[in-house]
Amino acid sequence: MKRLIRNGSVLYEGTLRKLDVLFDENSILKAAEHIEEDCEVIDASGLTVLPGLVDVHVHLREPGHDEKETIRTGTQAAAAGGFTSIFAMPNLNPFPDNPEVMKSYLQKISEDSLVHTYPYGTITCGEKGAAVSDMKGMSELGIRWFSDDGVGVADDAVMEKAMQEVASLGALMACHTEDMNYRVKGASVHDSEYAAKNGWIGIPSACESEQLKRDLKLACRIPLRYHGCHISAKESVEAIREAQAAGADVTAEVTAHHLLLEDKDVRGTNWKMNPPLRTHEDRMSLIEALEDGTLSFIANDHAPHTLADKEKPMAEAAFGIVSLETSFPLLYTEFVKNTGRWTLAQLVSWMSEKPAARFGLEKTGRIEEGWKSDLILADLEHEYVIDASKFYSKGKNTPFNGETVHCRVKETIVSGRTVWKEESE
């Protein structure tokens, strides 16, 4: 069924233009100044038409942790935040580390997901870091992405074997690097004077960067596609830059919260995430690395928790924040609207076309004839206040509750069909 968007400002070839967009369930059919077609018309007056966003780092929690999030609530949150494609992390129960579990997981996704949802398989069985998972079996089901997100693979020999398997399959490995030799019990925030002043136990940057350096040395020898998750430290940025210069096929992501916040912003457990918010110098290094291409794009690390998970002392509270419904508005407001440091086209590319390209989603992330009909309509003109109580996600754990933003997604279209539209107030 054909549909037509009229009267919107369309991000087309890097600039905003007044265009009509004609599409069906398969692709964008045409973008032009005036299109006559006998079909449903969507009036986008006052709105900006953008390609749907892509997030390669989302925790949906189901199966196993349904009290925190489900496939349905998580993908509702994704749609409300403008994300039309997401990649779901595998720290679940049961872990998707073999074809049998993965088949069941894929079936549940097909039944409940509102957006394109692509699951990761684990790198190791049960994410225990001892034995490599059945990647070949999962790859035969179409799984091309593997991660043990939430933990690092400590054993060098296991990681080398896993990398060789990923390379042989032509798949991609996405790694949470964390050397637990650098982290003591109760560690919660970045290791700094500010942490000590507040009585919090710190996590040094080496906890992330040293295991990453190990991985990158292997990636320089083994011809695999390697991706670093949620980079937070300047030492990690430099290690990635060196590996890329050496010819390794390495990319890495940075989260919205690491681009926006620093260790001295921490006020409580809703600012507790892993890796932690680090120094101003680290944050500037991340921004500059994104701009120069060392860091390839932006991801979310959406990590919903129950209220009880967060209403604990800092040392005991769960790590993570929810971000699907806030990241694009926050980044647009800070870096495009307020400071002008980035263009809208840059931001959308880092949140759509670039992650799509790296993770193998064809013709995703642009408004162009023949590209996927995954689109969002956003209001970039009016102020809105973030209200966690209205999130579609089960998780309300955000440090941004009450923040004013100049961006709000109004409608989300996946494969030509509206899957979410803001209710009239």
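See the structure above.
Let us look at the structure shown here. Computed from a prediction, not measured in an experiment: that's the story for all the values here.

To continue, consider the state of the cysteines. Taken as a whole and assessed by the stated rule, the structure comprises zero disulfides. Its sulfur unpaired, Cys 220 is 14 Å from the next cysteine sulfur, which belongs to Cys 175. For Cys 220, a relative accessible area of 40% puts it in the partly exposed group.

What follows deals with the packing of aromatic side chains. Counted under the stated rule, the structure contains 12 aromatic pairs. Summarising the aromatic geometry, the rings of Tyr 120 and Phe 359 are spaced 6.4 Å apart at their centres and angled 80° between planes, so their arrangement reads as edge-to-face. Within this pair, whereas Tyr 120 is found in the loop between strand E8 (116–119) and helix H3 (135–139), its partner Phe 359 is found in the loop between helix H13 (353–358) and strand E16 (375–379), the two being separated by 239 residues in sequence. In this pair, the class of Tyr 120 matches that of Phe 359, namely buried. The side chain of Lys 272 reaches across the aromatic face of Phe 319, ending 4.4 Å from its centre.

Next up on the list: the packing of helix H6 (residues 206–221) against helix H7 (residues 234–245). Interhelical geometry of H6 versus H7 gives an angle of 5° and a closest axis separation of 9 Å. Here H6 is positioned roughly parallel relative to H7, judged by the angle of their axes. In this structure, H6 uses Glu 208, Ser 209, Leu 212, Lys 213, Leu 216 and Cys 220 to contact H7, whose residues at the interface are Glu 235, Ser 236, Ala 239, Ile 240 and Ala 243.

Let us now look at the pattern of salt bridges. Within the structure shown, the criterion is met by 24 salt bridges. Among the ionic pairs, Glu 422 bridges to Lys 410, the shortest N-O distance being 2.5 Å. Of this pair, Glu 422 sits in the segment after strand E20 (417–421) while Lys 410 is found in strand E19 (residues 408–414), placing the two residues 12 residues apart along the sequence. Given the relative accessible area of 19%, Glu 422 is considered buried.

Right, let's get into the nonpolar core. Residues Met 173, Tyr 226, Leu 259, Leu 295, Ile 298 and Trp 342 are the most contacted members of the largest nonpolar core, which totals 98 residues. Setting aside chain neighbours within four positions, we find Ile 298 in contact with Val 54, Val 254, Thr 255, Ala 256, Leu 259, Leu 290, Leu 331, Trp 342, Leu 347, Trp 350 and Met 351.

Structurally, Tyr 332 is set in helix H11 (residues 327–338). Relative accessible area serves as the criterion here: at 9%, Tyr 332 is assigned to the buried category. On a C-alpha basis, the gap between Tyr 332 and Arg 408 in space is 9.9 Å, while along the polypeptide they are 76 residues apart. Apart from the residues lying within four places of it in its own chain, the contact partners of Tyr 332 are Lys 337, Leu 344, Leu 347, Leu 380, His 406 and Cys 407.

Next up on the list: the environment of Pro 329. Relative to the helices and strands, Pro 329 resides in helix H11. Assessed through its relative accessible area of 7%, Pro 329 is described here as buried.

Our focus in this paragraph is helix H1 (residues 71–80). Burial within H1 is extensive, with eight of its 10 residues counted as buried. Those residues of H1 not exposed but buried are Ile 71, Thr 73, Gly 74, Thr 75, Ala 77, Ala 78, Ala 79 and Ala 80. Each element contacted by the buried residues of H1 is listed here: strand E7 (83–88), helix H2 (99–112), E8, E19 and E20. At the C-terminal side of H1, Gly 82 shows a positive phi close to 95°.

Turning to helix H12 (residues 344–351), a few remarks are in order. For H12, the tally of buried residues reaches six of eight residues, placing the bulk of the element in the interior. Within H12, the full set of buried residues consists of Leu 344, Leu 347, Val 348, Ser 349, Trp 350 and Met 351.

Examined against the element boundaries, Asn 300 turns out to sit in the loop between strand E15 (297–299) and helix H10 (307–310). At 2.8 Å, the side chain of Asn 300 forms a polar contact with the side chain of Asp 55.

Strand order in the open sheet formed by three strands is E6-E7-E8, and the pairing between neighbours is parallel. Where the open sheet ends on each side, the last strands, each with one partner, are strand E6 (53–58) and E8. If you compare each strand with its neighbour and ignore which way they point, the axes differ by 15° on average. In the sheet, E7 pairs with E8 via four bridges, with the strands oriented parallel. Note on E8: the bridge partner recorded for Ser 85 is His 116.

With respect to topology, five strands assemble into an open sheet ordered E9-E10-E13-E14-E15, the strand pairing being parallel. The strands lining the two open edges of the sheet, one partner per strand, are strand E9 (145–146) and E15. By the bridge criterion, three bridges tie strand E14 (residues 250–255) to E15 in an arrangement that is parallel. By the bridge assignment, Glu 253 is partnered in E15 with Phe 297. Contacts from H6 reach strand E10 (172–175), strand E13 (225–228) and E14 within the one sheet, and its direction differs from that of E13 by about 165°.

Rules behind the numbers
- Residues numbered from 1 in each chain as written.
- Predicted model: local features only at pLDDT ≥ 70, side-chain atom pairs only at ≥ 80, totals over all residues.
- Heavy atoms only, no water.
- Disulfide = S-S within 2.5 Å.
- Buried < 20%, exposed > 50% of the residue type's maximum accessible area, 1.4 Å probe, protein only.
- Phe/Tyr/Trp six-rings, centres within 6.5 Å; stacked < 30°, edge-to-face > 60°.
- Helix = DSSP H or I, 4+ residues; strand = E, 2+ residues; numbered from the N terminus.
- Lys NZ or Arg CZ within 6 Å of the ring centre and 35° of its normal.
- Axes fitted to C-alpha atoms, helices over the stretch in contact; angles between N-to-C directions.
- Parallel < 35°, antiparallel > 145°, perpendicular 65-115°, else oblique.
- Contact = heavy atoms within 4.5 Å.
- Salt bridge = Lys/Arg side-chain N within 4 Å of Asp/Glu carboxyl O.
- Core = buried A, V, L, I, M, F, W, Y, C linked by side-chain atoms within 4.5 Å.
- Polar contact = N/O pair within 3.5 Å; in protein donor to acceptor, adjacent residues only side chain to side chain.
- Pairing = 2+ DSSP bridges.

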